[in-house]
Amino acid sequence: MSYKIVVDSCGELPENLKKDPHFETVSLSMDVDEYHIVDDETFDQADFLKKVAASPNCPKSSCPSPKRYVEAFEGEAEHVYAVTLSAELSGSHNSAELAKKLYKEEHDDKKIWIFNSRSASVGETLTAMKIQQCEEAGMPFEKVVKTVEAYLNSMNTFFVLESLETLRKNGRLTGVKALVASALNIKPVMGATDEGTIYQLGQARGVRKALMKMIEQIGEKTPDIKNRVLGIAHCNCPERALEVKKEIIARYMPKGIFVVDTAGISSMYANDGGIIIAV
């Protein structure tokens, strides 16, 4: 069966998947003061971070429209899957579900499933990769859905950011204690709940110690890590990401590991220097 995997632009696709005709990205967008920025191949991370740093206001994001998802569902593929960032953090999932309902009214023969990643960034990437693995193995549509949903239930997301201000100002830290320890350089280690909200796993003084604490958490929460692929996304800090990759390999020897730069939406929330990991 032919298939298509639609990923919203919070999920960073490695170069090989960007060139794979089975994949399509639907773009979110961002506004920084008077600047409207589309999170697509034109996104300039350095320019975006510069605009954010210069602005006294918090950047805002907008999810893809149902119309854009409908366009992505078009084509010859008999099986269509969409992967969205957590429904608890964005309207992207609801937009995709509405698009599916509208599209199925006229194309009831096509099988479509919307996956709520309950994550973001490389959590979406890993989900998309799992879908492709299942399709290439020849699984029927229903088994792909069941297998990937089970995979999502076992996946964990972790991150360490230089600053939580954008998340806080945009209301993405509901239930997370505000940290008033910037003078002490306290950096929180954050994760995603089973529902796809954000919570604090721990904290450390300084980014390096926080990253090491995050790596410890990855091992504790992923007992089968040797059998899993791990994704690392970084916002303008490739050396930091490679150091984290090296440490993870030395400790855990995962089945696979890849590093990508954050796209627009992930860059907006991770801010300069942020590291996001999903496994």
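In the nomenclature of an unreviewed UniProt entry, the protein corresponds to DegV family protein from the organism Diplocloster modestus.

Q: Is there a simple way to explain unusual backbone geometry in this structure?
A: The general pattern is negative phi for most residues beyond glycine and trans for most peptide bonds. Positive phi, close to 55°, is recorded for Arg118, a residue that is not glycine. Among the structural elements, Arg118 can be located in the loop between strand 7 (111–116) and helix 5 (122–136). With a relative accessible area of 17%, Arg118 lands in the buried category. Of note in the backbone geometry, Ser121 takes a positive phi value of approximately 50° without being a glycine. Looking at the secondary structure, you find Ser121 in the loop between strand 7 and helix 5. Judged by relative accessible area, which is 1%, Ser121 ranks as buried.

Q: Can you walk me through the layout of surface pockets in this structure?
A: It is a probe the size of a water molecule, rolled over the atoms, that shows where empty space is left. In this structure, the largest pocket encloses a volume near 510 Å³. Lining the largest pocket are 18 residues, and of these Leu13, Lys18, Asp40, Glu41 and Ala263 sit closest to its centre. Among the secondary structure elements, those contributing two or more residues to the lining of the largest pocket are helix 1 (15–18) and strand 12 (256–261). Here the residues of the lining of the largest pocket sort into five nonpolar, six polar and seven charged.

Q: Explain the sheet that holds strand 10 (residues 198–205) to me, please; I cannot follow it from the model alone.
A: Strands pair in a sheet through their backbones, by hydrogen bonds, and they do so in one of two ways: parallel or antiparallel. Reading across from one edge, 10-9-8-13-11-12 is the order of the six strands in this open sheet, with mixed pairing throughout. Sheet topology places strand 10 and strand 12 at the edges, where each strand pairs with a single neighbour. Strand-to-strand twist across the sheet, computed as the mean angle between neighbouring axes with direction ignored, equals 20°. One ladder, built from six bridges, connects strand 11 (residues 229–234) with strand 12; its direction is parallel. Among the inter-strand pairings, Ala233 is bridged to a residue of strand 12, identified as Val260. The strands touched by helix 8 (residues 207–221) are strand 8 (157–160), strand 9 (186–192), strand 10, strand 11 and strand 13 (275–278); relative to strand 10, the strand with the most contacts, the crossing angle is about 130°.

Q: Mind showing me how you'd approach the side chain of His234 here?
A: Relative to the elements of secondary structure, His234 occurs in strand 11. Given the relative accessible area of 7%, His234 is considered buried. A polar contact of 3.1 Å, which involves the side chain of His234, links it to the backbone nitrogen of Cys237.

Q: Can you walk me through the nonpolar core in this structure?
A: Note on soluble globular proteins: their nonpolar side chains tend to be buried together. Residues Ile5, Phe48, Tyr81 and Ile131 are the most contacted members of the largest nonpolar core, which totals 48 residues. The element contributing the most residues to this core is helix 6 (residues 141–154), with six residues. Residues within four places of Phe48 in sequence aside, it is in contact with Met30, Val32, Ile37, Phe43, Gly264, Ser267 and Met268. Core analysis: the next-biggest nonpolar cluster, separate from the first, contains 23 residues, Phe158, Val189, Ala204 and Tyr252 among them.

Reading the values: the criteria
Residues numbered from 1 in each chain as written. Predicted model: local features only at pLDDT ≥ 70, side-chain atom pairs only at ≥ 80, totals over all residues. Heavy atoms only, no water. Helix = DSSP H or I, 4+ residues; strand = E, 2+ residues; numbered from the N terminus. Buried < 20%, exposed > 50% of the residue type's maximum accessible area, 1.4 Å probe, protein only. 1 Å grid on protein atoms, 1.4 Å probe; cavity = no way out; pocket = protein on both sides within 12 Å on 5 of 7 lines; lining within 4 Å. Points joined across faces, edges and corners; volume = space filled by probe spheres on them. Nonpolar A, V, L, I, M, F, W, Y, C, P; charged D, E, K, R; others polar. Pairing = 2+ DSSP bridges. Axes fitted to C-alpha atoms, helices over the stretch in contact; angles between N-to-C directions. Contact = heavy atoms within 4.5 Å. Polar contact = N/O pair within 3.5 Å; in protein donor to acceptor, adjacent residues only side chain to side chain. Core = buried A, V, L, I, M, F, W, Y, C linked by side-chain atoms within 4.5 Å.

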